[in-house]
Amino acid sequence: MGLNELIFGGMAVLGIVVFMLVGRFRANRSQRDRADRLKWTAVDKGHSAQKKP
Amino acid sequence: MANRTALQTFGRSGNPMFRGNAFQPDATFGETDSTQRMTLAGAVNKTGILLVLCLVSAGYVWNQFFQSGGSGAVKGLMMLGLLGGLAMAMVTIFKRQWAGLTAPAYALLQGLAMGGISAMFEMQYPGIVIQAVGLTFGTLAVLLLAYKTGLIKPTENFRLMIVAATGGIAVLYLVSFVMSFFGTSIGFIHSNGLFGIGFSVFVVAIAALNLVLDFDFIEAGAEQGAPKYMEWYGAFSLMVTLVWLYLEILRLLAKLRSR
C-alpha cells in the first residue's frame, strides 16, 4: 500500500466514522435556537396544513 | 429583489429534494407514534446503507472494467446505472413515500455508473480515485462538524445563494451537453487552464455547501418528527450531493493532473 492510499484511504475511513458518530447527535444550541434558521416547513404549517378549509 | 420575492420567484429551493413543503403530505405527523418518526440516527444509518450499496455495485463494475481491460465490457452497465439512477431519483423526488425502496435502488444503480467512471479515470490517472474518495468524505466530515458546532449557519440568504449557483451550474452543463451534439462545447468547463480549474474549484465549493443544506434538512425533519420514510429521503438527498461532489472532485483532480 502506497502513501497515496494510506493518506487518502485513511481520510475516507475517518470521514465516514466521523459522519456515522457525529451525525447521530443534535446540532449545537447556537445552530438550533436562532431567529434566522431555515424554515423547511413554514409553508406547510402556516398555510397548507392549518389555513386550508 | 427582496428575499421573500426572490424566493417566490426562484422557488424556495432549486433542488427539487428541498422543496419548502418537504414535510407537507404528513401535516398530521404530530399525532404519529414516536417509533414511526424520523430520527437523526435513522437517517445516518440509512445513509450508511446507501453508501455500502453504492460501493458494492461500483466495485463490481470496477472489477469487470479491469478484468476486461477497457470500458467496452461495462458500457452497458454504466448506461443502465446513469439512466436507471436518473429514473429512480425522479421517482424518489416525486414519491417520497417510496423512498425506502427507490433510494436503495438509486444507490445500486448510481454505483454502476460511478464504478465505470471511476475506473476510466483511474486507468488514465493512477491513484486519482482514492484521492477523490478521501477528499469527498473528508469534506463531508469537516462540513458536518462545522454545521453541528454552529460554525456554518444556513439562512435563507445562504440557501438562495447556493440554489442560484447550483441552478446556474446545472444550466451551464445542460447547454454544454446540448452543444456537444453539434460538435462543440463550452470550452472552459473542460479545459485544464487556470479558468477551467477555477471553475471546477467553484463547482466543488457549491457542491460541498449543498451538504450543509442536506444536514439542516435532516436535522429539521428529525426535530419536527417527520414520518419514518423521510429518513430514507434525507439519506437519498445526502447521497445525491455526495455523488455530485465526488464527480466534481474527480474532474478537478484530473484537470490538475493533466497539466
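Structure: above.
My aim in this report is to walk through the structure given alongside it, one point at a time. Bear in mind that the values here come from a model prediction, so they are computed numbers and not experimental data. (Residues numbered from 1 in each chain as written. Chains lettered and ligands numbered in written order. Predicted model: local features only at pLDDT ≥ 70, side-chain atom pairs only at ≥ 80, totals over all residues. Heavy atoms only, no water.)

**Thoughts on empty space enclosed by the protein**
Stated precisely, the cut-off is as follows: Only protein atoms enter the 1 Å grid used here. Points where a 1.4 Å probe fits but cannot escape make up a cavity, open sets with protein on both sides within 12 Å along at least five of seven lines make up a pocket, and a residue lines them when an atom lies within 4 Å of a point. Grid points are joined across faces, edges and corners, and a volume is the space filled by probe spheres set on the points. A run of DSSP states H or I qualifies as a helix once it reaches four residues; a run of E qualifies as a strand once it reaches two. Both are numbered from the N-terminal end. Classification convention: Asp, Glu, Lys, Arg as charged; Ala, Val, Leu, Ile, Met, Phe, Trp, Tyr, Cys, Pro as nonpolar; all other residues, Gly among them, as polar.
Scanning the entire structure with this criterion turns up 1 cavity of 30 Å³ or more. Quantified by volume, the largest cavity comes out at close to 70 Å³. Contributing to the lining of the largest cavity are A:Phe19, A:Gly23, B:Leu40, B:Ala43, B:Val44, B:Thr47, B:Leu144, B:Lys148, B:Phe215, B:Ile218, B:Glu219 and B:Leu238. Counting residues per element, the ones that place at least two in the lining of the largest cavity are α2 (40-68), α5 (128-148) and α8 (194-223) of chain B. Considering every element that reaches the lining of the largest cavity, the biggest residue donor is α2(B), with 4 residues. Of the residues belonging to the lining of the largest cavity, the class tally is 8 nonpolar, 2 polar and 2 charged.

**Observations concerning the interface of chain B and chain A**
Operational definition: Contacts: residue pairs with any heavy atoms within 4.5 Å of one another. Using a 1.4 Å probe, buried area is obtained as the accessible area two parts lose upon being combined, added over both of them. Put simply, a salt bridge is a Lys or Arg side-chain nitrogen that is within 4 Å of an Asp or Glu carboxyl oxygen. Polar contact criterion, stated in full: a pair of N or O atoms within 3.5 Å, where within protein one must be able to donate a hydrogen and the other to accept it, and residues adjacent in sequence count only if both atoms are side-chain atoms.
Between chain B and chain A, the residue contacts involve 45 residues of the former and 33 residues of the latter. Both faces considered, chain B and chain A share a buried interface measuring about 3500 Å² in area, 65% of it formed by carbon and sulfur atoms. Between chain B and chain A we count 1 salt bridge in total. Across the pair A:Arg37 and B:Glu223 runs a salt bridge whose closest N-O atoms are separated by 3.0 Å. Remark: the boundary between chain B and chain A carries 11 residue pairs in polar contact (both at pLDDT 80 or more).

**With respect to the layout of surface pockets**
Its boundaries defined by the atoms lining it, the second largest pocket holds a volume of some 620 Å³. Elements with a minimum of two residues in the lining of the second largest pocket: α1 (3-22) of chain A together with α2, α4 (99-124), α5 and α9 (229-257) of chain B. Class assignment for the residues of the lining of the second largest pocket results in 18 nonpolar, 5 polar and no charged.

**Concerning the nonpolar core**
The line we're drawing: In this description, a nonpolar core means a group of buried Ala, Val, Leu, Ile, Met, Phe, Trp, Tyr and Cys residues linked to one another through side-chain atoms lying within 4.5 Å. Each residue is assigned to one of three classes by its accessible area relative to the maximum for its type, calculated with a 1.4 Å probe on protein chains only: buried under 20%, partly exposed between the two thresholds, exposed over 50%.
Membership of the largest hydrophobic core comes to 78 residues, with the highest contact counts inside it found for B:Leu211 and B:Phe215. If you list the elements that add at least two residues to this core, you get α1 of chain A together with α2, α3 (75-94), α4, α5, α6 (156-180), α8 and α9 of chain B. Counting residues per element, this core draws most heavily on α9(B), which supplies 18 residues. Apart from the residues lying within four places of it in its own chain, the contact partners of B:Phe215 are A:Phe19, B:Leu140, B:Leu143, B:Leu144, B:Tyr147 and B:Leu238.

**Side note on the pattern of salt bridges**
Residues and elements named next belong to chain B. The tally for this structure, following the rule as stated, stands at 8 salt bridges over all chains. Lysine 228 is the partner of glutamate 231 in a salt bridge, and the nearest nitrogen-oxygen pair spans 3.1 Å. Glutamate 231 gets classed as buried once you look at its relative accessible area, which sits at 0%. One connected set of salt bridges, linked through shared partners, spans Lys46, Lys228 and Glu231.

**Looking at the packing of α4(B) against α9(B)**
Residue and element names in this part refer to chain B. The criterion, for reference: Every axis corresponds to a line fitted to the C-alpha atoms, with the helix fit spanning only the stretch in contact, and the corresponding angles, defined between N-to-C directions, vary from 0 to 180 degrees. Should an angle fall under 35 degrees it is called roughly parallel, over 145 degrees roughly antiparallel, and 65 to 115 degrees roughly perpendicular, with every other angle called oblique.
α9 packs onto α4 with a crossing angle of 10 degrees between their chain directions and a minimal axis gap of 10 Å. Considering the angle they form, α4 stands roughly parallel to α9. Across from Ala99, Gly100, Ala103, Pro104, Tyr106, Gln110, Met114, Ile117, Ser118 and Phe121 in α4, the residues of α9 making contact are Tyr229, Trp232, Tyr233, Phe236, Met239, Val240, Val243, Tyr246, Leu247, Leu250, Arg251 and Ala254. Within the contact of α4 with α9, the residues separate by chemical class into 18 nonpolar, 3 polar and 1 charged.

**What about a nonpolar patch on the surface?**
Residues and elements named next belong to chain A. Note the following rule: Each patch groups residues whose relative accessible area exceeds 30% and which form no salt bridge, using 9 Å between like charges and 5 Å between nonpolar side chains of Val, Leu, Ile, Met, Phe, Trp and Tyr. Residue-level accessible areas treat just the shown protein chains as cover; the underlying method is Shrake-Rupley with a 1.4 Å probe.
On the surface, Met1, Leu3, Leu6, Ile7 and Met11 cluster together into a nonpolar patch covering about 570 Å² of accessible area. Note on placement: isoleucine 7 falls in helix α1. By relative accessible area, isoleucine 7 is classed as partly exposed at 47%.

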